[in-house]
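Survey of secondary and tertiary structure
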Amino acid sequence: MEKELNQLEKEFKQCQMGIVEERARFVSFCIEQYARAKNMSTEDVVSLFEKYGITEHFCEFFEVLHTYGHNWLIEEIDEMINNRKHRQRN
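Each value, and the rule that gives it
Residues numbered from 1 in each chain as written. Predicted model: local features only at pLDDT ≥ 70, side-chain atom pairs only at ≥ 80, totals over all residues. Heavy atoms only, no water. Salt bridge = Lys/Arg side-chain N within 4 Å of Asp/Glu carboxyl O. Helix = DSSP H or I, 4+ residues; strand = E, 2+ residues; numbered from the N terminus. Buried < 20%, exposed > 50% of the residue type's maximum accessible area, 1.4 Å probe, protein only. pLDDT = per-residue confidence, 0-100. Disulfide = S-S within 2.5 Å. Phe/Tyr/Trp six-rings, centres within 6.5 Å; stacked < 30°, edge-to-face > 60°.

1. Let's talk about the pattern of salt bridges
Applying the stated criterion across every chain yields a total of 1 salt bridge. Across the pair lysine 38 and aspartate 78 runs a salt bridge whose closest N-O atoms are separated by 2.8 Å. Here the residue lysine 38 occupies a position in helix 1 (residues 2-38), and aspartate 78 occupies one in helix 5 (residues 70-89), the gap between them amounting to 40 residues. For lysine 38, a relative accessible area of 35% translates into the label partly exposed.

2. Some details on the confidence of the model for the protein
Confidence in the prediction of the protein, expressed as mean pLDDT, is 81, and 78% of residues score 70 or more. The secondary-structure element of the protein with the lowest mean pLDDT is helix 1, recorded at 73, while helix 2 (residues 42-52) shows the highest, at 93.

3. Topic: the state of the cysteines
Taken as a whole and assessed by the stated rule, the structure comprises 0 disulfides. Cysteine cysteine 30 remains unbridged, with the sulfur of cysteine 59 as its closest cysteine sulfur at 9.3 Å. In this structure cysteine 30 comes out as buried when scored by relative accessible area, which is 1%.

4. Observations concerning the packing of aromatic side chains
If you walk through the whole model with that rule in mind, you get 2 aromatic pairs. Ring centres of phenylalanine 26 and phenylalanine 58 lie 5.8 Å apart, and the angle between their planes is 20°; this geometry places the pair in the stacked category. Of the two residues, phenylalanine 26 sits in helix 1 while phenylalanine 58 sits in helix 3 (residues 54-60), which places them 32 residues apart along the sequence. Considering the side-chain rings of tyrosine 34 and phenylalanine 49, the 5.9 Å spacing of their centres and the 55° angle between planes classify their relative orientation as tilted. In this pair, tyrosine 34 is assigned in helix 1 and phenylalanine 49 in helix 2, connecting sequence segments 15 residues apart. Per residue, the accessibility class of tyrosine 34 equals that of phenylalanine 49, and both read buried.

Encoded structure:
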């Protein structure tokens, strides 16, 4: 029984790592696409995403967001940034 539990624990940890890697790849894709669309460096996009919480949002809602195309993602990022800029001013 202990052997089976250890195997299940190992498989669970591998699954969790797979999820983290999948989300990291998605965020990386978003960064690259946004940088290309806005003619920005990836470093500047990372800073922008950090400033406005884009990375956290995309990780949190990964299951839904990763199914959309890159054009929609660019528009979504622009809208999020504009909304968050507006909130910061108020």
